[in-house]
Amino acid sequence: MDLIRIGEKLISKSKINKAIEDILIARQSGLSQSEVAKKMGIDRSFISRIESLGELRKGKSIGLIGFPILNVEELKEVAEKEGVDFVFLMNDRERWEFIYKKSGIELLNEIMEIISKVRSLDAVIILGSDQRIRLFRALLDNEVVAVEIGKSPMKEDVYFNKEELRTLIKNLKEA
């Protein structure tokens, strides 16, 4: 149920959730804790406590891009557990489907959206061919950790060790 009675008060959980969502959206848009507190008529320390309650980690925002990868699900699981912010991994079949199941404009829009997301990150791990790595380095201003998994053109999926990925992620977080 959405309503909770505490003594004489009737509390709406959805109203609390909406207020917290509004606070976080305002903070994400670049407003300071003080600015959000003033705007919402609350104490700045309350915003600090909300952020502390939900904080998963501090440090760099990290992305992971790779193809053609044999053990996609295994690497996605590692990335999720390590708090990677953006993951785009595909095996060879998936990368061809990604291309051929879209119109030209749909493909262009989706690629532009991915580039936009990746450029907003602090660091990106690239698992790919020599050619793809050169392309990503040219497109990105952020820190790129490149792992060449083969020479272009690659036609077979490549296994990438999940512990090696875990180490790369941890090293990036500590840098």
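Here goes a summary of the coordinates provided. Not measured: the values here are computed from a predicted model. Numbering of residues starts from 1 in each chain and follows the order in which that chain's sequence is written. Selection of residues for local features in this predicted model requires a pLDDT of at least 70, selection of side-chain atom pairs for listing and counting requires 80 or more, and totals for whole chains, interfaces and linings are taken over all residues. Hydrogens and waters are ignored; side-chain quantities use all the structure's heavy atoms.

### Examining the pattern of salt bridges
Salt bridges are identified by distance alone: a Lys or Arg side-chain nitrogen within 4 Å of an Asp or Glu carboxyl oxygen. Applying the stated criterion across every chain, the model contains 13 salt bridges. One salt bridge in this structure joins E51 and R27, with 2.5 Å as the shortest N-O distance. Highlighted residues: E51 in helix α3 (residues 44–54) and R27 in helix α1 (residues 13–28), separated in sequence by 24 residues. In this structure E51 comes out as partly exposed when scored by relative accessible area, which is 23%. Between R166 and E82 there is a salt bridge, with its nearest N and O atoms 3.2 Å apart. Here R166, found in helix α8 (residues 162–174), pairs with E82, found in the loop between α4 (72–81) and β4 (86–89); they are 84 residues apart in sequence, far enough to count as distant. Throughout this description, buried means an accessible area under 20% of the type-specific maximum (1.4 Å probe, protein chains only), exposed means over 50%, and partly exposed covers the range between. Residue E82 is classed as buried on the basis of its relative accessible area, which comes to 11%. Put simply, E82, E163, R166 and K173 are held in one network by salt bridges that share partners. Strands here are runs of E lasting at least two residues and helices are runs of H or I lasting at least four, both read from the DSSP assignment and numbered beginning at the N terminus.

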